[in-house]
Amino acid sequence: MTSNRREFIKLSALAGGGAIFGFQVLVSCKTDSSSKMIEAALPDPDQWFDLSAYVKIGDTGLVTIMSPNPEIGQNVKTSMPMIIAEELDVAWKDVVVEQAGLDTDNFTRQVAGGSQSIRFGWKSLREAGAKIKHMLMQAAAKRWDADIASLQVSDGIITNSAGETLSYGELAAEAVDMEVPETVDLKDPKDYKIIGQGKTNVDMEGIITGQPLFGLDFARDGMVYAAMKRPDAFGMSLKDYDDSATRAVNGVIDVVKIGDKIAVIGKNTWAVIKGKKALQATYVKSASLESSDDLSKKMQEALDQLSDEPKRNDGDVVARMDEADQVFERSYEAPFLPHNTLEPMNFFADVTDDKVELIGPIQTPQWQRSNVAEALGREESEISIMMTRQGGGFGRRLYGNFVVEAAEISNAIRKPTKLIWTREDDMTFGPFRPSSAYKFKAALKDGKITGYHLTGAGVKMRNACREGFFPAGCLADLRIDSHSIDSNIPTGAWRAPVTNFLAYAEQAFFDELAAELGKDPVDLRLELLASAQKGLVGEVEYDTDKMIRMIEVAREKSDWDNRGDKHLGFSAYFCHNTYVAEVAEVELTEDGPRVKKVDCVVDCGLVINPKGAINQIEGGIIDGIGHAMYGDYAFEAGKGSMNNFNQYRLIRMMEVPEINIHFIESHDDPTGLGEPTLPPAGGAVANALHSATGKRLYRQPFVKELEVLG
Amino acid sequence: MPQYTLQVNGQSRQVDADADTPLLWVLRDELHLVGTKYGCGIAQCGACTIHVDGSPMRSCSFPVSRVGDKKITTIEGLSADASHPLQQAWREHDVPQCGYCQAGQIMTAAALLADTPRPSDEDIASAMHGNICRCGSYPKIKQAIKAAAKK
């Protein structure tokens, strides 16, 4: 059965929302190599035809592809349209990309999170392109009275058996009324012309010329600015406040109390920043005022407890521990971390009697639509959300407290309002990467691992462990327990949730465990996997063959077996459906140990955009090293320990190692890259630091541990 | 409110602003030149880097009252047609990830190259030390600066 195009796709008012930004969106893909060699794209059309929510075709053949998912730097605004363009069979130079707004009628999973955009979009994006191509071919077949099977398509030009041609631009008006095919044939990967080619970021021109792409850049006539003063510690509530000094600040228009928060409204950003500083507020304790030290004690206590419902319980680990020659045990602990996106939280809201219009940087627009509906008592149908380009996400913009705040302020004053969090707000009010702790125990008998027990504890972590990951499946007796420690400090996902620290702990443990057994750490992993290949214990999420291949390639590429007196550290991990091994090299310098090089092996299936993929891989490794080395944050009496970059150390250029990337060639369906290269980095560095200094590191940040250890 | 006449990207621009207003917010809110970014407000991240008489300056910590007739250049005025060697190199190396810090990175790098046309790796790392890239595009930034230096 086929359906009419108009039933197939309702083009929402939002899908064309790029225009509301008032800046030129037609800049994207025309600059694939260098500015001097810009390949001429087709001219701007007089008329556009909507062929689907994803695709508009102009009468000149220029094609607009809507990118549905939020762009936080993971490059989906380039890679997702590449997949559509491939099956649509257009030349990439003739494609213009626009960001779609929230449109749940036409798009699914408009979320930036979990490294899943490409994996989940792979089939639907290809089909979206192929269906439009089929409609254009139908239109051509009708025009020529030809059999559709006799037509050839390349780069937006359809050719018939007589050698006559019609362009997509000439056919777009007729294609609109063609039937949408229920099923379509997809290309053989060997015929790909766009997928697998390195394509430049579609927002490149805007970024390098300073165009208003980001949430903080958005402005509208009549807009006011707002800053929010919040209780100064988690556990405190507003008692009273004096806003007389604030109201005296030039440019401040109004001060509005919203629950425990006080909004300062003004004519410009500086007025509201100054006005907020001038606010005199007093707070009273309304809940416990927590500290990292207390939470750490609770976690350490939990690590000795067996939970009633273990996450995994193969065999009888307790018995193996009892009968072991030796129980080898180590524990690891991580601090809270702020996300520190370089663009601080901000959002635009315009609340009127008729509608709620929201514009800005958010990873989860659909979730925020329901949050705002609830907060304001409005219908979801009255609320629109347009996503801007986002100055980093790292999980922070999954949580839309700032979106709700912007809507609440605009609702209170009934003006178009731009809320900005200062850096101090951004680093202080969370949510945070939860502090977590892990204990690993290995039962050793006759030189072999006979039991393996991982216990995790984290501040408000539903599951601090990953029960389907290696070495689960490799050992008959393996148990995993997880404990959540309650707190009023807000925690949430932070790039590569859970594994951003768990992977380091485990990779460091393997290294030490191998040394204890007198084995090479790479051999130890391969032995465990070989046993899983013979007989997998229970269910796992990873593929043993792929794990083994990745480890073997990393061993070869890093020249692990000939490392001599080089200080290398090995790490290999599977998460977010992607396999990544990293081998770090540390050198000893006059200024202390330094990470010199990282060899990285990645199996992410088919690589859609090698340029973007390399950027994600490098970024993940650098982020992983940076936070393992320097990332530090703590709470005392409910208050965060740092509030700006003069206190919080982020990795900088001179601390970045040389990175060599090796992709494992694969035709498997693509997986994501936004997160999976981060988790193995800390372990690789810790193991290399051990080789260089003889010191084992059990806590992050490493700089603090190295200081303590002398 | 005091009035200032600023020389921005080769144009004379009049603005009303309090004397202590950082140039950053004058550029962004009054002149709508939003390429210059807010990152920390205390001259620690480099996202707000502009040129003042050719020297790199953190506009978040530079009050409008101190600008006088000094020549201000922002990312929007770095070149007429996005043809500065660094802009070309940024394209060729596909440098940005989220892109938010990149204007500041380019402005710092442009001042480096104006001063030191053939920078060593150490010169680059040292000049760029004040610019944070939270996404970790550092290897690409370094490659692009080296490529631009050869032009």
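A quick note: this is a predicted structure, and the numbers were derived from the prediction, not measured.

1. Digging into the overall build of chain A
From N to C terminus, chain A includes 18 helices and 27 strands. Against the 2.2 N^0.38 benchmark of 27 Å for 710 residues, chain A shows a C-alpha radius of gyration of 28 Å, consistent with a compact globule. Expressed as lengths along the three principal axes of its C-alpha atoms, the size of chain A is roughly 80 × 75 × 50 Å. Sorting the 710 residues of chain A into buried and exposed places 63% on the buried side. Look at the contacts in chain A between residues 6 or more apart in sequence, and 76% of them connect residues 24 or more apart. Surface summary for chain A: the accessible area is close to 26,100 Å², and the carbon and sulfur share equals 46%. On chain A, the mean spot of the 78 positive side-chain charges and the mean spot of the 106 negative ones are 4 Å from each other.

2. Thoughts on the sheet that holds strand S5 (residues 71-73) of chain B
Residue and element names in this part refer to chain B. Strand order in this open sheet of five strands is S2-S1-S5-S3-S4, and the pairing throughout is mixed. Only two strands of the sheet have a single neighbouring strand rather than two, namely strand S2 (11-16) and strand S4 (55-58). Neighbour-to-neighbour, the strand axes of the sheet open up by a mean angle of 40°, direction not taken into account. Pairing analysis gives four bridges linking strand S3 (residues 49-52) to S4, with the strands arranged antiparallel. In the sheet register, valine 52 faces S4, and the bridge partner there is serine 55. Of the strands in this sheet, S3, S4 and S5 touch helix H3 (residues 102-115), which is tilted by about 35° from S3.

3. Focus on the nonpolar core
Among the nonpolar cores identified, the biggest contains 157 residues, and Tyr438 of chain A together with Ile145 of chain B are the most heavily contacted of them. With eleven residues, helix H13 (residues 499-517) of chain A is the largest single contributor of residues to this core. Counting 51 residues, the second largest nonpolar core, distinct from the first, contains Val63, Met66, Ile83 and Val95 of chain A.

4. Topic: the packing of helix H3 (residues 117-144) of chain A against helix H4 (residues 168-175) of chain A
All names here are of chain A. Contact geometry for H3 and H4: axes closest at 9 Å, N-to-C directions at 90°. In terms of axis orientation, H3 runs roughly perpendicular to H4. Contacts between H3 and H4 involve Lys133, Met135, Leu136, Ala139, Ala140 and Arg143 from the former and Tyr168, Glu170, Leu171, Ala172, Glu174 and Ala175 from the latter. Along the lines of polarity and charge, the residues of the contact of H3 with H4 split into eight nonpolar, no polar and four charged.

5. Points about the side chain of aspartate 94 of chain B
Position of aspartate 94 of chain B relative to the elements: it lies in the loop between helix H2 (85-92) and H3. It is lysine 611 of chain A that comes nearest to the buried, bridge-free aspartate 94 of chain B among opposite-charge side chains, at 5.5 Å. Beyond its immediate stretch of four places on either side in the chain, aspartate 94 of chain B contacts Lys199, Thr200, Asn201, Met204, Lys611, Gly612 and Asn615 of chain A.

6. What to know about the domain arrangement of chain A
Residues and elements named next belong to chain A. On domain assignment, one finds that chain A holds domain 1 (33-208), domain 2 (215-287 + 345-420) and domain 3 (305-336 + 432-709). Look at where the C-alpha atoms of domain 1 and domain 3 centre, and you get two points 40 Å apart. For the pair domain 1 and domain 3, the summed buried area comes to about 1,400 Å², and 56% of that belongs to carbon and sulfur atoms. Interface area lost by domain 1 to domain 3 is led by Ser115, Arg119 and Trp122, which between them contribute 35%. At the surface where domain 1 touches domain 3, the tally comes to zero salt bridges. For the pair domain 1 and domain 3, the interface holds ten residue pairs in polar contact (both at pLDDT 80 or more). Looking at the side of domain 1 that touches domain 3, the elements that each hand over two or more residues are helix H2 (76-88) and H3.

About the cut-offs
- Residues numbered from 1 in each chain as written.
- Chains lettered and ligands numbered in written order.
- Predicted model: local features only at pLDDT ≥ 70, side-chain atom pairs only at ≥ 80, totals over all residues.
- Heavy atoms only, no water.
- Helix = DSSP H or I, 4+ residues; strand = E, 2+ residues; numbered from the N terminus.
- Rg over C-alpha atoms; globule rule 2.2 N^0.38 Å.
- Buried < 20%, exposed > 50% of the residue type's maximum accessible area, 1.4 Å probe, protein only.
- Contact = heavy atoms within 4.5 Å.
- Areas by Shrake-Rupley, 256 points an atom, 1.4 Å probe, with all protein chains shown as cover.
- Lys, Arg positive; Asp, Glu negative; His and termini not counted.
- Charge placed at Lys NZ, Arg CZ, Asp CG, Glu CD.
- Pairing = 2+ DSSP bridges.
- Axes fitted to C-alpha atoms, helices over the stretch in contact; angles between N-to-C directions.
- Core = buried A, V, L, I, M, F, W, Y, C linked by side-chain atoms within 4.5 Å.
- Parallel < 35°, antiparallel > 145°, perpendicular 65-115°, else oblique.
- Nonpolar A, V, L, I, M, F, W, Y, C, P; charged D, E, K, R; others polar.
- Salt bridge = Lys/Arg side-chain N within 4 Å of Asp/Glu carboxyl O.
- Domains from an automatic or database assignment.
- Buried area = accessible area lost by both parts, 1.4 Å probe.
- Polar contact = N/O pair within 3.5 Å; in protein donor to acceptor, adjacent residues only side chain to side chain.

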